[in-house]
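Below, each chain spelled out in residue letters.
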Amino acid sequence: GAGVSQSPSNKVTEKGKDVELRCDPISGHTALYWYRQRLGQGLEFLIYFQGNSAPDKSGLPSDRFSAERTGESVSTLTIQRTQQEDSAVYLCASSLGRLSNYGYTFGSGTRLTVV
Amino acid sequence: GQNIDQPTEMTATEGAIVQINCTYQTSGFNGLFWYQQHAGEAPTFLSYNVLDGLEEKGRFSSFLSRSKGYSYLLLKELQMKDSASYLCAVRLTGANNLFFGTGTRLTVIP
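The shown structure was predicted, so the numbers you read here are calculated from the model rather than taken from an experiment. (Residues numbered from 1 in each chain as written. Chains lettered and ligands numbered in written order. Predicted model: local features only at pLDDT ≥ 70, side-chain atom pairs only at ≥ 80, totals over all residues. Heavy atoms only, no water.)

Draft legend 1. Expanded view of the packing of aromatic side chains. Residues and elements named next belong to chain A. This model, assessed by the stated rule, comprises 19 aromatic pairs over all chains. Arranged with centres 5.8 Å apart and planes meeting at 65°, the rings of tyrosine 35 and phenylalanine 45 form a pair that is edge-to-face. You can see tyrosine 35 sitting in strand β4 (residues 31-37) and its partner phenylalanine 45 sitting in strand β5 (residues 43-50), a full ten residues away along the chain. On the basis of relative accessibility, which here comes to 10%, the residue phenylalanine 45 falls in the buried class. (Phe/Tyr/Trp six-rings, centres within 6.5 Å; stacked < 30°, edge-to-face > 60°. Helix = DSSP H or I, 4+ residues; strand = E, 2+ residues; numbered from the N terminus. Buried < 20%, exposed > 50% of the residue type's maximum accessible area, 1.4 Å probe, protein only.)

Draft legend 2. Local environment of the state of the cysteines. A complete count under the given rule lists two disulfides over all chains for this structure. The disulfide partner of A:Cys23 is A:Cys92, and the gap between their sulfur atoms is 1.9 Å. Here A:Cys23 and A:Cys92 share a disulfide; its torsion about the S-S bond, -65°, makes the bridge left-handed. Taken as a pair, A:Cys23 in strand β3 (residues 19-24) and A:Cys92 in strand β8 (residues 88-95) lie far apart in primary sequence, 69 residues in all. Neither residue differs from the other here; A:Cys23 and A:Cys92 are each classed as buried. Paired by a disulfide, B:Cys22 and B:Cys88 hold their sulfur atoms 2.0 Å apart. Here the S-S torsion is close to -65°, and the disulfide linking B:Cys22 with B:Cys88 is therefore left-handed. Taken together, the residues B:Cys22 in strand β3 (residues 18-25) and B:Cys88 in strand β9 (residues 84-92) connect sequence positions 66 residues apart. (Disulfide = S-S within 2.5 Å.)

Draft legend 3. Just the pattern of salt bridges, in detail. Residue and element names in this part refer to chain B. With the rule as written, the count across this model stands at six salt bridges over all chains. With a shortest N-O distance of 3.0 Å, aspartate 52 and arginine 66 are connected by a salt bridge. Here aspartate 52, found in the loop between β5 (44-49) and β6 (53-57), pairs with arginine 66, found in the loop between β7 (60-65) and β8 (70-75); they are 14 residues apart in sequence, far enough to count as distant. In this structure arginine 66 comes out as partly exposed when scored by relative accessible area, which is 42%. Between glutamate 56 and lysine 76 there is a salt bridge; the shortest N-O distance is 3.7 Å. On the criterion of sequence distance, the pair formed by glutamate 56 in strand β6 and lysine 76 in the loop between β8 and β9 is long-range, its members being 20 residues apart. Assessed through its relative accessible area of 54%, glutamate 56 is described here as exposed. Judged by relative accessible area, which is 27%, lysine 76 ranks as partly exposed. (Salt bridge = Lys/Arg side-chain N within 4 Å of Asp/Glu carboxyl O.)

Draft legend 4. Representation of the interface of chain A and chain B. Between chain A and chain B, the residue contacts involve 20 residues of the former and 18 residues of the latter. Carbon and sulfur atoms supply 54% of the area buried between chain A and chain B, which totals about 1,600 Å² over both sides. Contact with chain B buries area across many residues of chain A, yet A:Arg98, A:Asn101 and A:Phe106 alone supply 29% of it, more than any other trio. The interface formed by chain A and chain B includes zero salt bridges. Across the contact surface, chain A and chain B share six residue pairs in polar contact (both at pLDDT 80 or more). For the side of chain A that touches chain B, the secondary structure elements donating two or more residues are β4 and β5 of chain A. Broken down by class, the residue content of the side of chain A that touches chain B amounts to ten nonpolar, eight polar and two charged. (Contact = heavy atoms within 4.5 Å. Buried area = accessible area lost by both parts, 1.4 Å probe. Polar contact = N/O pair within 3.5 Å; in protein donor to acceptor, adjacent residues only side chain to side chain. Nonpolar A, V, L, I, M, F, W, Y, C, P; charged D, E, K, R; others polar.)

Have a look at this one:
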């Protein structure tokens, strides 16, 4: 597609439930990132995928968080047993590679609210 | 670790010039990016600097001094639509991701 597409745009879930967030990157972009943006805070790196290489999971805050990506296509971020501190906007971004000088193209994000 | 600092908020008048500063303390610097983020929307790429000096793009310019760990984004002829958050992000050698500051929320007033 023309841009990075994320779904759902908004998600309200009860504490303890699992949620799955989806990201469809720009076709041809080999690098895909997930970031989290809490209210009033900077973007927090979660995970990075590059082609078929092993992902960089160094930013995942706990083992309740996991993500998958098949090849250079869609990625899903799963949060198990959600907690109120997981409430944030989850942003997906893609780029031609981690060293691209054109930065990332971000999706519009999924606003997650845990009640 | 890395530390990236930006002012939290700024206000400027329509038609004026505003400079948004970003300072960083990092190891292995390999480029600095500026993004614009309107409320409730995705961040969009504005500029990239890896060498010292000024990069100009229309009304927006970005400056970098690697020796001082300092960058600024200069916005000229401010318009109301420039009201947004401006995010500074640093790329480090060997790192897969960008490291973002907390952003500067700019309000343009008539």
